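Understanding the architecture of this molecule
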Amino acid sequence: MAVRLTALTGALLSLTLGVLQPVQAETVLERVSRTGRLNTVVLNGDLPYSTQQGNGYVGLGMEFAKEIQKEVSEYTGKPVQLVPQPVNSINEGLAAIASGAVDLSCGAGFSWGRSMFVDYSLPFALSGTRLITPAGNDGTPAALKGKTIGAVKNSLSAHAIEKTVTGGELALFENPAAALEALKNGEIQFLAGDSLWLLANRAAVDPSGNVAPSVPYNRSAVGCVVPENNSGLLNLSNLAIAKLMQAYINDDPSALQRINQWVGPGSSVNLSQDLIKAYFTNVLLTAALLNLS
């Protein structure tokens, strides 16, 4: 009887341990491979990173997202479709990434707080907080006292202005499109935001306004984010971003056109190719320059 009880106990223990073994969660890369869909967050009115155009989305962030799509497809050996997932706010987009409901977002400014919940790729841009101001206002804290300053809710720029400018009032808008519309219709005269975003949209909403001050309130890298603890997708994202930057450095005509149309010569942002190349080179030197065929 003792032998039988021991055997039964052992069997029950083995069964119990088997039940208690954690089920291996599907990674984002495995899910993308299974579904053939790479879901990416997009925000309307967020040029140069993303905006709606017809039935799709375009922008600098989308150019890098397309490269990630291509890299994932080659890695998995299966066709992968890039599927835009529109959100109405920064918080909604970050929550979707942090929860794993969405796979990717390109055009996210880095913050240490956000990095606790999502993983950042190599950056593909450098920006910082500045403002569109009326002519004659230099955008410094002293010049903003008593002013109402618009900003996108929960953006890095909103936090920077709130901490730096005293004696001013912050008017928060749910998303970039709403903030731009408020400046355009005269609801506000000052709009704080990502420098590249302000430059990309100024002509459409306040062509006579200044982008100031000359030195941003802060600086932050801009890249892509993926759900935490998904090194497979993060590694492929880094490789894809590095390849497009390296191609631009190498004067590849397609890469030059894809980047320049959003931030390069002749665009609303109008950065020089030399400046863009210098930034891309500095980023790649933190990892490795690529020898592309």
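Structure report, in brief. Every residue gets a number counted from 1 within its own chain, in the order that chain's sequence is written. For a predicted model such as this one, the threshold for reporting local features is a pLDDT of at least 70, and the threshold for listing and counting side-chain atom pairs is 80 or more; totals across whole chains, interfaces and linings nevertheless cover every residue. Side-chain numbers here rest on the full set of heavy atoms in the structure, without hydrogens or water.

Overview of the pairing of strand E11 (residues 219-227)
Heads up, the condition is: Residue burial is assigned from relative accessible area. The probe radius is 1.4 Å, only protein chains are included, and a residue is buried under 20% of its type maximum, exposed over 50%, and partly exposed in between. Here a strand is any run of E in DSSP of at least two residues, a helix any run of H or I of at least four, and the numbering for each starts at the N terminus. Pairing between two strands requires that DSSP report at least two bridges joining them.
Where burial is concerned, most of E11 is hidden: seven out of the nine residues are buried. Pairing between strand E5 (residues 104-109) and E11: four bridges, direction antiparallel. Note that in E11 the partner of Ser105 across the bridge is Val225. As paired strands, strand E6 (residues 118-133) and E11 are joined by eight bridges and run antiparallel to one another. Residue pairing for E11: Val118 is matched across the bridge by Pro227.

Quick look at unusual backbone geometry
Cis geometry is found at the peptide bond from Leu47 to Pro48, where omega equals 10°. In this fold, Pro48 is placed in the loop between strand E1 (37-42) and strand E2 (51-53). For the bond running from Ala212 to Pro213, omega is 0°, close enough to zero to count as cis. With respect to the helices, strands and loops of the structure, Pro213 is situated in the loop between strand E10 (210-212) and E11. Although it is not a glycine, Asn270 sits at a positive phi angle of roughly 60°. One can find Asn270 in the loop between helix H9 (253-263) and helix H10 (273-285).

Regarding the packing of helix H6 (residues 176-184) against helix H7 (residues 195-205)
For clarity, the cut-off: What counts as an axis is a line fitted to C-alpha atoms, over the stretch in contact for a helix, and the angles between N-to-C directions run from 0 to 180 degrees. Working rule for angles: under 35 degrees goes down as roughly parallel, over 145 as roughly antiparallel, 65 to 115 as roughly perpendicular, anything else as oblique. It is the rotation of the near helix from the far one that decides the hand of a crossing: anticlockwise by less than a right angle makes it left-handed, clockwise makes it right-handed. Throughout, a residue-residue contact means that at least one pair of heavy atoms, one from each residue, lies within 4.5 Å.
The interhelical angle for the contact between H6 and H7, taken along N-to-C directions, is 45°, at an axis separation of 10 Å. Accordingly, the angle class assigned to the pair H6 and H7 is oblique. Both H6 and H7 take part in a crossing whose hand is right-handed. Residues Pro176, Ala179, Leu180, Leu183 and Lys184 of H6 pack against Trp197, Asn201, Ala204 and Val205 of H7.

Focus on the packing of aromatic side chains
The geometry of an aromatic ring pair is captured by two quantities: the separation of the ring centres and the angle between the planes. Cut-off, in case you're wondering: Here a pair means two rings of Phe, Tyr or Trp (six-membered ring of Trp) with centres within 6.5 Å. Their orientation is stacked below 30 degrees between planes, edge-to-face above 60, and tilted elsewhere.
Applying the stated criterion to the full structure yields five aromatic pairs. Ring centres 4.3 Å apart and planes at 10° place the aromatic pair Phe64 and Phe124 in the stacked group. One end of the pair, Phe64, is in helix H3 (residues 60-76); the other, Phe124, is in strand E6, and 60 residues separate them in sequence. Residue classification places Phe64 among the buried residues on the basis of a relative accessible area of 0%.

Thoughts on H6
The periodicity of an α-helix, 3.6 residues per turn, causes residues three or four places apart in sequence to face the same way. What counts is decided by this rule: This arc describes the spread of directions from the helix axis toward the C-beta atoms.
Buried within H6 are the following residues: Pro176, Ala179, Leu180, Ala182 and Leu183. One side of H6 carries all its buried residues, which in axial view fall inside an arc of 155°. Those residues of H6 hidden inside the fold are in contact with E6, strand E7 (148-152), strand E8 (169-173), strand E9 (190-194) and H7. Positive backbone phi, at 85°, marks Gly186, one or two positions downstream of H6.

Some thoughts on H3
Short version of the rule: Expected span, for any helix, means 1.5 Å times one less than how many residues it has.
If you check H3, its first and last C-alpha atoms are 25 Å apart, about what 17 residues at 1.5 Å a residue would give, namely 24 Å. Taken across its 17 residues, H3 has twelve buried, putting it largely inside the fold. Phi for Gly77, located one or two positions after H3, is positive at around 75°.

Brief notes about the nonpolar core
Selection criterion: In these notes, a set of buried Ala, Val, Leu, Ile, Met, Phe, Trp, Tyr and Cys residues joined through side-chain atoms within 4.5 Å is what counts as a nonpolar core.
One finds Phe64, Ile68, Phe124, Ile259 and Phe280 to be the most contacted residues of the largest nonpolar core, which totals 76 residues. Residue contributions to this core peak at eleven residues, all from helix H8 (residues 231-249). Those residues within four positions of Ile259 in sequence are excluded, and the remaining contacts are Leu60, Phe64, Leu244, Tyr248, Gly264, Ile276 and Phe280.

Thoughts on the state of the cysteines
Simply put, the disulfide is a covalent bond whose two ends are the sulfur atoms of two cysteines. Rule in force here: Defined by distance alone, a disulfide is two cysteine sulfur atoms within 2.5 Å.
For the structure on display, the rule yields one disulfide. Here Cys106 engages in a disulfide with Cys224; their sulfurs sit 2.1 Å apart. Its torsion about the S-S bond being 105°, the disulfide of Cys106 and Cys224 is classed as right-handed. Taken together, the residues Cys106 in strand E5 and Cys224 in strand E11 connect sequence positions 118 residues apart. In this structure, Cys106 and Cys224 share a single accessibility class: buried.

Some points on the side chain of Thr51
How we decide: Any pair of nitrogen or oxygen atoms within 3.5 Å is treated as a polar contact; in protein, a donor-acceptor pairing is required on top of that, and neighbouring residues in sequence qualify only through side-chain atoms on both sides.
Tracing the chain through its elements places Thr51 in strand E2. With relative accessibility at 14%, the residue Thr51 sits in the buried group. A polar atom in the side chain of Thr51 sits 3.0 Å from the side chain of Asn44. If sequence neighbours within four positions are ignored, Thr51 has contacts with Leu43, Asn44, Gly45, Asp46, Gly56, Tyr57 and Val58.

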